[in-house]
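# Structural overview for review
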Protein chains: 2
Amino acid sequence: MKNQNSITTMSGAKAKLSQTQSRWKVFGSKELQALAKIESSLMKGAKRYIEDQDFVWINAPHITKATGSCENFSTMFKMDYFGKKAYLSQTAQLYLEVLTPFLKNVWTVIHSFRAEPGVDSRHLTEFPLVEIEFEGNFNQLLTHIEGIISSMVRMAAVERSAELNLFEIDLNHIRRFNTPYKRITYIEAIKMLQGEGLDINFGDDIKTVHERAISKSIGYKPFFLTHWPQEIKFFNMRMNDSDPRLVNSCDLILPFSGEAVGGAEREYTYTRLKGKLERSKMLELLKQNGGSVEDFEWFLQFYKHNKANLHSGCGIGFNRVTQSLLMLDDIRACTVFPQNSSVYW
Amino acid sequence: MKNQNSITTMSGAKAKLSQTQSRWKVFGSKELQALAKIESSLMKGAKRYIEDQDFVWINAPHITKATGSCENFSTMFKMDYFGKKAYLSQTAQLYLEVLTPFLKNVWTVIHSFRAEPGVDSRHLTEFPLVEIEFEGNFNQLLTHIEGIISSMVRMAAVERSAELNLFEIDLNHIRRFNTPYKRITYIEAIKMLQGEGLDINFGDDIKTVHERAISKSIGYKPFFLTHWPQEIKFFNMRMNDSDPRLVNSCDLILPFSGEAVGGAEREYTYTRLKGKLERSKMLELLKQNGGSVEDFEWFLQFYKHNKANLHSGCGIGFNRVTQSLLMLDDIRACTVFPQNSSVYW
């Protein structure tokens, strides 16, 4: 088994999976074939859990208005759509949300696009995002996330033991993904990090270096960071009833890859949604880029004219799960056709 | 049951599913909820067949070079990709093909994008395309297509009988999708149509009006049109050994929706692929649009340096299967978020 006390540095045969130039040269390698089979089983494991829970698959749009944006509006790819401005989707969240009053449990896998200029071991410009939305609360959400991640890893372990062997992944690593996952609040995390002498305060983002410190302290297992400040999160995450500075949100941090899942309870009343959207940083950015709140018209109109209930959901960054399972230090090594700002096929 | 002797005209409740303006008003209708559940089961049925046949799922790129084009290069959406010209994928075919020498059976579901200006009952600008590629021949391909389509319909019939009832779909219609499907060669079809007094000759496309005439004559069941002229098909479809004017290709024509699947054996030697690409209409169009054969460099280099074997594959236009099963006359009524040149979300 690999050294578990640090992010693995790939060497030799596996390093070639990071190669993006002339990638066709890598297709014949046994590492790429193993990777493809593991990806396939991870996706199958996600689907099986979701289907077994009676979620309804939705065909979600990929060319969208600004409603296809997650937090980072500035990283949306723009395109001309028959003379109008459109974007490539980053999340189907809002499209799924409006169906929850009727269909209760919905899901999709979209291709999430990010106009990230960075050419490095951490950025891809497109990746599959597994998304669920359902009528239910925060605790049910955490249970579903645990269910999906553990089902993914279990399917890979069952179907691809030879391939996992090739990556030197053994049962001790696989067992890290056994549920339940530790739940740490944002405020607890800030205190932990301050206790380790790190310069971080309420309202700051918890960055990769911080995630790694926590990951190390709990033995490199998956953990949730919950109840983040509204200020630094998506506009429609639901306010926490006992501390209005916070929202009922969670990130799942996986060992060796970092944030792999973001989820939350959602606001579901017209008044709150309208108010929070109008005060959001995303709308500010949208306006700076020549857009307007009109992009959200269909979403707001829906909530104005329909009764909705408490619902929750999340998006699972597929390649980050692969990276964590395979303990790889380069996201480009975690999928067959990695794309970044310098390479596309 | 609906009148089976003509394409059904939707009336009343069902007609509202075609509404694209303010579509949020439709989300609460029981028709939309039934449609979503039927779509979900159709997709599940496709996946189950493919997974049961041990195909490996591939995460295929959606921002592509011209290698993401199917026949209609002129309908590719263009975009700026960090200063370079890129396109939105129409098919993952070539990306899957280069993996078949190693992984044998591969598949994916991409979102296929078409810059179709038409605002009518037949055009969508994006739709899911279920794609398979495998080492194997034409007969195996037809068997897989029959297997996927019948598995889709069976899953919907098993899981969604109440929803199918709402669309007035009964067992007599469901049984149309029982395999095997009739196989008619292109040349036979031309003769059939000439026999009915239609003005059509070898080398002409078989259009919707022709498909409907054949569909009627065989009792509105699915049928294959096989062995088309190379002239009007994708450059890498494999030449027929006994009649070099033809390629070993197939379209599957479904009752009430038309062409739902296109597939073929593929050329797999560098010399043939290079020659056929250089003589293709697609390359001509690409050059007229400021592109060049360089976009195909990775694909040609792969075949230059790797030994490949006979392989075949197809793409299944998901919404056309839904349309056929539900006997709807408007593609906009066949998915939750229909997008065309006038509407996006």
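Structure shown above.
As a starting point, this report considers the structure included with it. (Residues numbered from 1 in each chain as written. Chains lettered and ligands numbered in written order. Predicted model: local features only at pLDDT ≥ 70, side-chain atom pairs only at ≥ 80, totals over all residues. Heavy atoms only, no water.)

## A word on the sheet that holds strand S5 (residues 105–113) of chain A
Residues and elements named next belong to chain A. Taken together, the 8 strands give an open sheet; going across it, the order is S1-S5-S6-S11-S10-S9-S8-S7, and neighbouring strands pair in mixed fashion. The open sheet terminates on both sides in strands that have one partner only, identified here as strand S1 (56–57) and strand S7 (182–185). Examined bridge by bridge, strand S8 (residues 223–226) and strand S9 (residues 249–254) share 4 bridges and lie antiparallel to one another. Its bridge partner being in S9, Thr226 is matched across the sheet by Cys250. This element, helix H7 (residues 186–195), spans S7 and S8 of the sheet and lies at about 80 degrees to S7. (Pairing = 2+ DSSP bridges. Helix = DSSP H or I, 4+ residues; strand = E, 2+ residues; numbered from the N terminus. Contact = heavy atoms within 4.5 Å. Axes fitted to C-alpha atoms, helices over the stretch in contact; angles between N-to-C directions.)

## Things to note about the packing of aromatic side chains
Overall, the coordinates contain 42 aromatic pairs over all chains when judged by the stated rule. Taking the centre distance of 5.3 Å and the plane angle of 40 degrees together, the rings of Tyr186 of chain A and Trp228 of chain A count as tilted. Of this pair, Tyr186 of chain A sits in helix H7 while Trp228 of chain A sits in the loop between S8 and S9, and the two are 42 residues apart along the sequence. Taken as a pair, Tyr186 of chain A and Trp228 of chain A share a single burial class, namely buried. Here Trp298 of chain A and Phe299 of chain A contribute two aromatic rings whose centre-to-centre distance is 6.0 Å and whose plane-to-plane angle is 80 degrees, an arrangement assigned as edge-to-face. By relative accessible area, Trp298 of chain A is classed as buried at 8%. One aromatic cluster in this structure is built from Phe27 and Phe337 of chain A together with Tyr95, Phe102, Trp298, Phe299, Phe302 and Tyr303 of chain B. Geometry around Trp228 of chain A places Lys233 of chain A over its ring, the cationic atom sitting 4.2 Å from the centre. When the ring centre of Tyr344 of chain A is taken as origin, the NZ or CZ atom of Lys65 of chain B, which lies over that ring, is 5.2 Å away. (Phe/Tyr/Trp six-rings, centres within 6.5 Å; stacked < 30°, edge-to-face > 60°. Buried < 20%, exposed > 50% of the residue type's maximum accessible area, 1.4 Å probe, protein only. Lys NZ or Arg CZ within 6 Å of the ring centre and 35° of its normal.)

## So, the interface of chain B and chain A
With 65 residues of chain B in contact, the opposing surface of chain A contributes 65 residues. Both faces combined, the contact of chain B with chain A buries some 5800 Å², and carbon together with sulfur accounts for 69% of it. Considering only the surface of chain B that becomes buried against chain A, Trp24, Trp57 and Tyr344 of chain B emerge as the three largest contributors, covering 15% of it. For the interface between chain B and chain A, the tally reads 2 salt bridges. With a shortest N-O distance of 2.7 Å, Arg48 of chain B and Glu51 of chain A are connected by a salt bridge. When grouped by side-chain class, the residues that make up the side of chain B that touches chain A number 36 nonpolar, 18 polar and 11 charged. (Buried area = accessible area lost by both parts, 1.4 Å probe. Salt bridge = Lys/Arg side-chain N within 4 Å of Asp/Glu carboxyl O. Nonpolar A, V, L, I, M, F, W, Y, C, P; charged D, E, K, R; others polar.)

## Things to note about helix H12 (residues 318–326) of chain A
All names here are of chain A. Most of H12 is tucked away, with 8 of its 9 residues classed as buried. Along H12, the residues that are buried comprise Phe318, Asn319, Val321, Thr322, Gln323, Ser324, Leu325 and Leu326. Of the residues flanking the end of H12, it is Met327, one or two places downstream, whose phi is positive at about 55 degrees.

## A few points about the state of the cysteines
Linking two cysteines covalently through their sulfur atoms gives a disulfide. Tallying each qualifying case throughout the model produces 0 disulfides over all chains. Considering cysteine sulfurs only, Cys250 of chain A is the nearest to Cys314 of chain A, which forms no disulfide, with 6.9 Å between them. Unpaired in this structure, Cys334 of chain B has its nearest cysteine sulfur neighbour in Cys70 of chain B, at a distance of 20 Å. (Disulfide = S-S within 2.5 Å.)

## Notes on a negative patch on the surface
A cluster of acidic residues, Glu71, Asp199, Asp204, Asp205 and Glu259 of chain A, forms a negative patch on the protein surface. With respect to the helices and strands, Glu71 of chain A occurs in the loop between strand S2 (63–64) and strand S3 (78–81). (Patch = residues over 30% accessible without salt bridge, like charges linked within 9 Å, V, L, I, M, F, W, Y side chains within 5 Å. Areas by Shrake-Rupley, 256 points an atom, 1.4 Å probe, with all protein chains shown as cover. Lys, Arg positive; Asp, Glu negative; His and termini not counted. Charge placed at Lys NZ, Arg CZ, Asp CG, Glu CD.)

## Here we look at the nonpolar core
Ranked by internal contacts, the top residues of the largest apolar core, which has 184 residues, are Leu99, Ile149 and Leu325 of chain A together with Leu99, Ile149 and Leu325 of chain B. Look past the residues within four positions of Ile149 of chain B in its chain and what remains in contact with it is Phe177, Tyr181, Leu252, Val261, Ile316 and Val321 of chain B. Ile63, Phe77, Ala115 and Tyr344 of chain B belong to the second-largest nonpolar core, a separate cluster that totals 18 residues. (Core = buried A, V, L, I, M, F, W, Y, C linked by side-chain atoms within 4.5 Å.)

## So, the sheet that holds strand S2 (residues 63–64) of chain B
Whenever strands of a sheet pair, they do so through backbone hydrogen bonds, lying parallel or antiparallel. Residues and elements named next belong to chain B. Read from one edge of the open sheet, 3 strands run S2-S4-S3, paired in antiparallel fashion. The outermost strands of the open sheet, each flanked by one partner alone, are S2 and strand S3 (78–81). Here S2 runs beside strand S4 (residues 84–88); their pairing, made up of 2 bridges, is antiparallel. Pairing of Thr64 across the sheet is with Tyr87, part of S4.

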